[in-house]
Amino acid sequence: VDDKDSRGNKRGSGLHNRLPVLRAERGVSRRDLAQAVGVNAQTIGFLERGDYGPSLELALRICAYFQLPVEAVFSLTPFAPMSAQLYATRTGDPG
Amino acid sequence: VSIEPSTTTTTTTADRRTEQLSRLTAEKDARLRRHRDRPLPPWLTSRGNRRAVAMLPLVPLACGLVAGTRPDSVLRSTLLAAVALSSVAGILVLRWVTRLLDAVPDRLLDEREIGERDRAYRRAHGLVVGLIGLLMVLAVADGVLSKVTGSPLIPGDGWIAVTISTMLVATMVPAAVLAWRWTDAPADLD
């Protein structure tokens, strides 16, 4: 697949998200999430893979579904692994 | 007093028509959704095969160009029939492969699909303009050749065949671009 768009920019999104973790945590299938936010199930897959950056409206709909603030679901920088965050919390290390 | 029943009747008829129209639209949308959700055969899941399918517009284009250069004969008629058949078959296969992305109304697509379709249309526009440009160069070359040697490259009404083929190919280009660029969705749609 051509991995660049018509302007020569790399395809895909610079936006990172926690959708796979949130879905797994709450036992929500891609199809269910897609239905709830009004997109096709494939689009959720593209979002999770980082191949597609959602519009603001879709991002807000996803956040509303998970009842989380935007920064908990989407980020411009990669999220730290959940295990690292949990370990840091337990040991009192803020990093 | 005499106006009221008439107004009521008109409103009821209009309501009934609207209701009927929305029912028909809903049925059509459901049919299209079912068609789009049908799984593709395994051989179409490979990128190479999808890209091979994306080259289908070259078949009617080649047939049309060859038909244009032939004198009016059975061969030309056969080639023209091949143009028509390969165009119809080609557009059906391309739309099947691309899940009707370039043919269904916006209300059946999500924002990613609309974006994909629009990008494909942009590329297709460039390709069609290029194709028409080539045709223009061919027409000029044909005119020059006809004046210099006395025998044109595309004799008689051959240009009709070439133009019709180009028009049919132009209708296939957006779906072909979509098929070429198609990216697989993750398989595990749990």
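It should be noted that the structure appears before, not after, this text.
In this text the structure is predicted, and so the values were computed from the model without any measurement. (Residues numbered from 1 in each chain as written. Chains lettered and ligands numbered in written order. Predicted model: local features only at pLDDT ≥ 70, side-chain atom pairs only at ≥ 80, totals over all residues. Heavy atoms only, no water.)

Engineer: Would you take a moment to explain the overall build of chain A for this structure?
Structural biologist: Counting its secondary structure elements, chain A contains six helices and two strands. Element order for chain A, N to C, with α for helix and β for strand: β-α-α-α-α-α-β-α. Across the 95 residues in chain A, those meeting the buried criterion constitute 33%. Put simply, 54% of the contacts in chain A that link residues at least 6 apart link residues at least 24 apart. For chain A, the accessible area works out to roughly 5,700 Å², and carbon and sulfur atoms hold 53% of it. (Helix = DSSP H or I, 4+ residues; strand = E, 2+ residues; numbered from the N terminus. Buried < 20%, exposed > 50% of the residue type's maximum accessible area, 1.4 Å probe, protein only. Contact = heavy atoms within 4.5 Å. Areas by Shrake-Rupley, 256 points an atom, 1.4 Å probe, with all protein chains shown as cover.)

Engineer: Looking at this model, I keep getting lost on the overall build of chain B. Mind explaining?
Structural biologist: A tally of regular secondary structure across chain B gives six helices and zero strands. In chain B, the succession of helices and strands from N to C terminus is α-α-α-α-α-α. Here the C-alpha atoms of chain B give a radius of gyration of 23 Å, more than 25% beyond the 16 Å that 2.2 N^0.38 yields for 190 residues. Overall size of chain B, expressed as C-alpha extent along the three principal axes, is 85 × 60 × 30 Å. Within chain B, the fraction of its 190 residues that count as buried is 34%. Of the roughly 11,300 Å² of accessible surface on chain B, a fraction of 68% belongs to carbon and sulfur atoms. Mean positive and mean negative side-chain charge positions of chain B (24 and 19 charges, respectively) differ by 5 Å. (Rg over C-alpha atoms; globule rule 2.2 N^0.38 Å. Lys, Arg positive; Asp, Glu negative; His and termini not counted. Charge placed at Lys NZ, Arg CZ, Asp CG, Glu CD.)

Engineer: Even after reading the chapter, I still don't get the nonpolar core, so can you show me in this structure?
Structural biologist: Nonpolar side chains in soluble globular proteins tend to end up buried together. Counting 19 residues, the largest nonpolar core has L19, L33, V37, I44, L47, I62 and V73 of chain A as the members making the most contacts within it. Among the secondary structure elements, those contributing two or more residues to this core are α1 (19–26), α2 (30–37), α3 (41–49) and α4 (56–66) of chain A. Counting residues per element, this core draws most heavily on α4 of chain A, which supplies five residues. If we ignore the near neighbours within four places in the chain, the residues touching I62 of chain A are L19, V37, L47, V73 and F74 of chain A. The next biggest cluster of nonpolar side chains, apart from the first, holds 16 residues, and it includes V128, V169, V173 and L178 of chain B. (Core = buried A, V, L, I, M, F, W, Y, C linked by side-chain atoms within 4.5 Å.)

Engineer: Can you walk me through unusual backbone geometry in this structure?
Structural biologist: Only a minority of non-glycine residues have a phi that is not negative, and only a minority of peptide bonds are not trans. Notably, Q67 of chain A is not glycine yet its phi reads approximately 55 degrees, a positive angle. Its location among the elements puts Q67 of chain A in the loop between α4 and α5 (70–73). The exposure class assigned to Q67 of chain A is exposed, which follows from its relative accessible area of 70%. The backbone of R99 of chain B shows a phi angle near 55 degrees, a positive value even though the residue is not glycine. Summarising the element assignment, R99 of chain B is placed in the loop between α4 (74–97) and α5 (111–149).

Engineer: When you look at a positive patch on the surface in this model, what are you seeing that I'm missing?
Structural biologist: Residues and elements named next belong to chain B. A cluster of basic side chains, namely K28, R31, R34 and R38, defines a positive patch on the protein surface. In this structure, R38 sits in the loop between α1 (3–37) and α2 (47–54). Overall, R38 belongs to the partly exposed group, its relative accessible area being 49%. (Patch = residues over 30% accessible without salt bridge, like charges linked within 9 Å, V, L, I, M, F, W, Y side chains within 5 Å. Salt bridge = Lys/Arg side-chain N within 4 Å of Asp/Glu carboxyl O.)

Engineer: How should I be thinking about the side chain of R99 of chain B in this particular structure?
Structural biologist: Residue and element names in this part refer to chain B. Although buried, R99 forms no salt bridge, and the nearest oppositely charged side chain, D37, lies 5.9 Å from it. Among the polar contacts made by the side chain of R99, one reaches the main-chain carbonyl oxygen of R36 at a distance of 2.6 Å. Setting aside its immediate chain neighbours within four residues, R99 contacts R36, D37, R38, P39, L40 and W182. (Polar contact = N/O pair within 3.5 Å; in protein donor to acceptor, adjacent residues only side chain to side chain.)

Engineer: Just checking my understanding: could you explain the pattern of salt bridges for this structure?
Structural biologist: Pairing of side chains with opposite charge becomes possible as their charged atoms draw close. Applying the stated criterion to the full structure yields 13 salt bridges over all chains. A salt bridge links R26 of chain A to E25 of chain A, with the shortest nitrogen-to-oxygen separation between them at 3.8 Å. Residue class for E25 of chain A comes out exposed when judged on its relative accessible area of 54%. For the salt bridge of R36 of chain B with E113 of chain B, the shortest nitrogen-to-oxygen distance reads 3.0 Å. Here E113 of chain B lies in helix α5 and R36 of chain B lies in helix α1, a separation of 77 residues in the sequence. We note that R36 of chain B, like E113 of chain B, is buried. Each of the salt bridges in this network shares a partner with another, and the network as a whole consists of R23, R30 and E48 of chain A.

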